[in-house]
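Structure at a glance
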Amino acid sequence: MAVTDYHVHTARCGHAGGATRDYVLHGLSRGLTEIAITDHVPLYFLPGEDPDPGLAMTLGELPGYVEEVLALREEFRGRIDVLLGIEADYAEGHEEALATLLAPYDWDVVLGSVHFVAGDWIDAPGAGARHEEEGSANLWNEYYRLLAKAASSGLFDVMTHFDLPKKFGHHRPPECEAAEDAAVAATRAAGVAVEVSSAGLRKQVAEQYPGPVLLSKLVAAGVPVVFSSDSHAPAEVAWGREKVVAAARAAGATEHVTYRKRLRTAHPM
Ligand SMILES: [Zn+2]
Ligand SMILES: [Zn+2]
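Here's a quick rundown of the structure. Residue numbers restart at each chain and count upward from 1, following the sequence in its written direction. Naming scheme: in the order in which they are written, chains are lettered from A and ligands are numbered from 1. Under the rules for a predicted model, residues below a pLDDT of 70 receive no local features and side-chain atom pairs below 80 are neither given nor counted, while totals for whole chains, interfaces and linings still include all residues. Where side-chain values are given, they derive from all heavy atoms of the structure, hydrogens and water being excluded.

A closer look at the overall build of the protein chain
To keep it simple, the criterion reads: Helix and strand definitions here come from DSSP, where helices need a minimum of 4 consecutive H or I residues and strands a minimum of 2 consecutive E residues; each element is numbered from the N-terminal end. With the radius of gyration taken over C-alpha atoms, the globule rule is written as 2.2 Å times the number of residues to the power 0.38. Relative accessible area decides the class of each residue, using a 1.4 Å probe on protein chains only: under 20% of the type maximum gives buried, over 50% gives exposed, and in between gives partly exposed. A contact between two residues is defined here by any heavy atoms of the two lying within 4.5 Å. Note on areas: these come from Shrake-Rupley sampling with a 1.4 Å probe, and a residue is covered only by the protein chains present in the view. Only four residue types enter the charge count: Lys and Arg as positive, Asp and Glu as negative, with His and the chain ends excluded. The location of each charge is read from NZ of Lys, CZ of Arg, CG of Asp or CD of Glu.
Helix and strand counts for the protein chain come out as 7 helices and 11 strands. What you see for the protein chain is a C-alpha radius of gyration of 17 Å, in line with the 18 Å of a compact globule of 269 residues. Reported as C-alpha extents along the three principal axes, the dimensions of the protein chain are approximately 50 × 45 × 30 Å. Here the protein chain holds 269 residues, and 54% of them are scored as buried. Sequence-distant contacts in the protein chain: of pairs separated by 6 or more residues, those separated by 24 or more amount to 75%. Just so you have it, the protein chain exposes about 10600 Å², and 55% of that area is on carbon and sulfur atoms. Separation between the mean location of the 23 positive side-chain charges and that of the 38 negative ones in the protein chain comes to 7 Å.

Some words on the coordination of the zinc ion (ligand 2)
The condition is simple: Any N, O or S atom lying within 2.8 Å of the metal counts as a donor, with the limit raised to 3.2 Å for Na, K and Ca; because water is left out of the atom set, some sites can appear incomplete.
For the zinc ion (ligand 2), every protein donor is listed as Glu87 (OE), His115 (NE2) and His161 (NE2), and the spread of their distances is 2.1 to 2.2 Å. The metal-metal distance between the zinc ion (ligand 2) and the zinc ion (ligand 1) is 5.6 Å. Of the two residues, Glu87 is situated in strand β3 (residues 81-89) and His161 in the loop between β7 (158-159) and α5 (177-190); the sequence distance between them amounts to 74 residues. The exposure class of Glu87 is buried, given its relative accessible area of 0%.

Remarks on the coordination of the zinc ion (ligand 1)
Within the protein, His15 (NE2), His40 (NE2) and His232 (NE2) serve as the donor atoms for the zinc ion (ligand 1), at 2.0 to 2.1 Å. Each donor residue of the zinc ion (ligand 1) belongs to the same chain, and together they define the spacing H-x24-H-x191-H. Its relative accessible area of 34% is what places His15 among the partly exposed residues.

What to know about the sheet that holds strand β1 (residues 4-8)
Sheet strands associate in pairs through backbone hydrogen bonding, adopting either a parallel or an antiparallel arrangement. Convention followed: Should DSSP find at least two bridges between two strands, the strands are regarded as paired. To obtain each axis, a line is fitted to C-alpha atoms, and for helices this fit is confined to the stretch in contact; angles are then taken between N-to-C directions over 0 to 180 degrees.
Pairing is parallel across the open sheet formed by 7 strands, whose spatial order is β1-β2-β3-β4-β7-β8-β9. One side of each edge strand has no neighbouring strand; the edge strands of this open sheet are β1 and β9 (225-228). Bridge count between β3 and strand β4 (residues 109-113): 5 bridges; the pairing is parallel. In the sheet register, Asp89 faces β4, and the bridge partner there is Ser113. Most of the contacts of helix α2 (residues 62-76) go to β3, to which it runs at about 155°, and overall it touches β2 (34-40) and β3.

Topic: unusual backbone geometry
For the bond from Tyr209 to Pro210, the omega torsion is -15°, close enough to zero to count as cis. Within the secondary structure, Pro210 is located in the loop between β8 (193-197) and α6 (212-221). Its identity as a non-glycine residue notwithstanding, Asp230 has a phi of 55°, on the positive side. By the secondary structure assignment, Asp230 is in the loop between β9 and α7 (241-250).

Section: the nonpolar core
Put simply, the test is: We define a nonpolar core as any set of buried Ala, Val, Leu, Ile, Met, Phe, Trp, Tyr and Cys residues linked to one another through side-chain atoms lying within 4.5 Å.
Counting 77 residues, the largest nonpolar core has Tyr65, Trp107, Tyr144, Phe156 and Phe162 as its most contacted members. In terms of residue count, the dominant contributor to this core is helix α4 (residues 129-152) (10 residues). With residues up to four places along the chain from it excluded, the contact list for Tyr144 reads Phe162, Asp163, Arg172, Ala179, Glu180, Ala183 and Leu214. Core analysis: the next-biggest nonpolar cluster, separate from the first, contains 10 residues, Tyr6, Val158, Val226 and Val257 among them.

Remarks on the environment of Ala251
Within the fold, Ala251 resides in the loop between α7 and β10 (255-260). Residues Ala251 and Leu218, spaced 33 residues apart in sequence, show a C-alpha to C-alpha distance of 8.7 Å. Leaving out residues up to four positions away in the same chain, Ala251 has contacts with Leu215, Ser216 and Val219.

So, in structure tokens, the structure goes:
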């Protein structure tokens, strides 16, 4: 049986704490059989060597990150599988830069995220005000347009926090359903999976990503699921796992998937 957490950060990103080894140890204590370390990719689409130290590792830190994860894989071999992953931002027009950045490494799984929407972060502290200032429907439509492009790009294995703009409590307006449906269809067509993440349960919206209705839609479309915590501290590894598994079951999922060298395997739930 595969007991997994597919979204785990490290202190390199500047807004997570603790030693990477402690994330693995906590996963072990929670009964995980595999953990994908998936720190934020360097902000390759913004100018400068270190455009935002509080958001991501620098380009120079990437080789050390990979080295550390591979060393942990060796250390924990036979106890828990430590996978080499990354959470990579999608940035429209910068697809080749991302492909070039990822190319030198033998990733197990690449998570695709849209955090940068209409010129700014959609999930940064205070970004909730953007819904009032810029129009919630505008942001949601633009977000889903980008998410559909990201899913179709061939760069990613799993789309993260599919309904991220709800983070501060601004649920998707009814008039944005078509954009949402297009993102679901693009994800399905690209053969990309979706994470069911407990992170939303820890945010203002207090609901897993994706919410129940959207998750049912994704499952019905045939999009595979992975389970994740989006941990930014060792104690968050596997946090809320029972809840996200139950949510996937309630949405009709009967299996979840794992990755090795970007190849997917399905497991019954
Ligand atoms: Zn983060
Ligand atoms: Zn993210």
